[in-house]
Amino acid sequence: MPNKSKESFNVVKNVFSEYLKAHGHRKTPERFAILEEIYSLKEHFDAESLYGIMKSKKFRVSRATIYNTIELLLECNLITRHQFGKNFSEYEKSYEYKQHDHLLCEDCERVLEFCDPRIQQIQSMMGSLLKFNVTHHSLILYGKCEKLHSSGTCEHLIKHNKHQ
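Being a predicted model, the structure only gives us computed values, none of them experimental.

Describing the overall build of the chain
Next, step 1: Along the chain, the regular secondary structure elements total seven helices and five strands.
Next, step 2: Reading the secondary structure of the chain in the N-to-C direction produces α-α-α-α-β-β-β-β-α-β-α-α.
Next, step 3: Projecting the C-alpha coordinates of the chain onto the three principal axes gives extents of approximately 50 × 50 × 35 Å.
Next, step 4: A burial count over the chain gives 35% of its 164 residues as buried.

Following this line, the structure appears as structure tokens:
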């Protein structure tokens, strides 16, 4: 990890450690290994893919530990859960990550992220107009990759089909 990332991860690790302590949970090496793996990922992940990554790196963690740790990380706001139209959840790290929204390809299920400040402005304006304290939002735009439509093939569709 580069220095800045290492400093940020130490803050995340401390947040998790304090949460575990405050809620009477054990501070196990497995939980912190899972946290570190999540914060090293560049993309969204699901519990099963995280389990596979941990196993491939020779970590001795059970599926139950993965799922239980994910729940703890959700509770202390270190990760965010998404339902991208599938029958399982995907997650992403969320500590100090700016608000963003998602585009989802209905063919290959590729998830793209985007940030448009106008969405924040709409959120603020609607909260003000309707006398409503908006705490957060989720926006997913569904569509189809232009690459697949124009060429008939998409590297993400190939990857997606391999995982099914």
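Structure's up, so let's keep going.
Observations regarding the sheet that holds strand 4 (residues 111–114)
Next, step 1: Spatially, the three strands line up as an open sheet ordered 4-3-5, and their pairing is mixed. The sheet is open, and its two borders are formed by strand 4 and strand 5 (140–143), each paired with just one other strand. Across the sheet, the mean angle from the axis of one strand to that of its neighbour is 25°, orientation sign disregarded.
Next, step 2: Two strands pair when backbone bridges link them, and strand 3 (residues 101–105) and strand 4 are joined in this way by four bridges, in the antiparallel orientation. Bridge pairing in strand 4 places Asp101 opposite Phe114.

Let's talk about the side chain of Gln123
Next, step 1: Within the element layout of this structure, Gln123 appears in helix 5 (residues 117–129).
Next, step 2: Judged by its relative accessible area of 15%, Gln123 falls in the buried class.
Next, step 3: When neighbours within four sequence positions are excluded, Gln123 is seen to be in contact with Val134, His136 and His137.

Quick notes on helix 2 (residues 29–40)
One full turn of an α-helix is made of 3.6 residues, so residues set three or four places apart face in the same direction.
Next, step 1: Compared with the 16 Å implied by 1.5 Å per residue over 12 residues, the 16 Å span of helix 2 between its first and last C-alpha is a close match.
Next, step 2: Within helix 2 the residues assigned to the buried category are Arg31, Phe32, Ala33, Ile34, Leu35, Glu37, Ile38 and Tyr39.

What about the packing of helix 3 (residues 47–56) against helix 4 (residues 63–75)?
Next, step 1: At their nearest, the axes of helix 3 and helix 4 sit 10 Å apart, and the two run at 125° to each other. Between helix 3 and helix 4, the angle falls in the class oblique. Between helix 3 and helix 4 lies a crossing of right-handed hand. Listed contacts from helix 4 to Ala47, Glu48, Leu50, Tyr51 and Met54 of helix 3 are Arg63, Ile66, Tyr67 and Ile70.

What about unusual backbone geometry?
Next, step 1: One non-glycine residue with positive phi stands out, namely Lys58, at about 65°.
Next, step 2: Turning to its location among the elements, Lys58 is positioned in the loop between helix 3 and helix 4.
Next, step 3: We classify Lys58 as exposed; its relative accessible area is 70%.
Next, step 4: Look at Asn77: it is not a glycine, yet its phi comes out positive at around 60°.
Next, step 5: Within the secondary structure, Asn77 is located in the loop between helix 4 and strand 1 (79–82).

Digging into the confidence of the model for the chain
Regions with low pLDDT carry predicted coordinates that are not meant to be interpreted in detail.
Next, step 1: Mean pLDDT for the chain: 85, with 90% of residues reaching 70 or above.
Next, step 2: Mean pLDDT across the secondary structure elements of the chain bottoms out at helix 7 (residues 155–163), with 56, and peaks at helix 4, with 96.

Comments concerning the side chain of His82
Next, step 1: Relative to the helices and strands, His82 resides in strand 1.
Next, step 2: Separated by 2.6 Å, the side chains of His82 and Glu92 make a polar contact.
Next, step 3: If near-sequence neighbours (up to four positions away) are discounted, His82 is found in contact with His44, Phe88, Ser89, Glu90, Glu92 and His102.

Each value, and the rule that gives it
- Residues numbered from 1 in each chain as written.
- Predicted model: local features only at pLDDT ≥ 70, side-chain atom pairs only at ≥ 80, totals over all residues.
- Heavy atoms only, no water.
- Helix = DSSP H or I, 4+ residues; strand = E, 2+ residues; numbered from the N terminus.
- Buried < 20%, exposed > 50% of the residue type's maximum accessible area, 1.4 Å probe, protein only.
- Pairing = 2+ DSSP bridges.
- Axes fitted to C-alpha atoms, helices over the stretch in contact; angles between N-to-C directions.
- Contact = heavy atoms within 4.5 Å.
- Expected span 1.5 Å × (residues − 1).
- Parallel < 35°, antiparallel > 145°, perpendicular 65-115°, else oblique.
- Left-handed = near helix turned anticlockwise from the far one by under 90°.
- pLDDT = per-residue confidence, 0-100.
- Polar contact = N/O pair within 3.5 Å; in protein donor to acceptor, adjacent residues only side chain to side chain.

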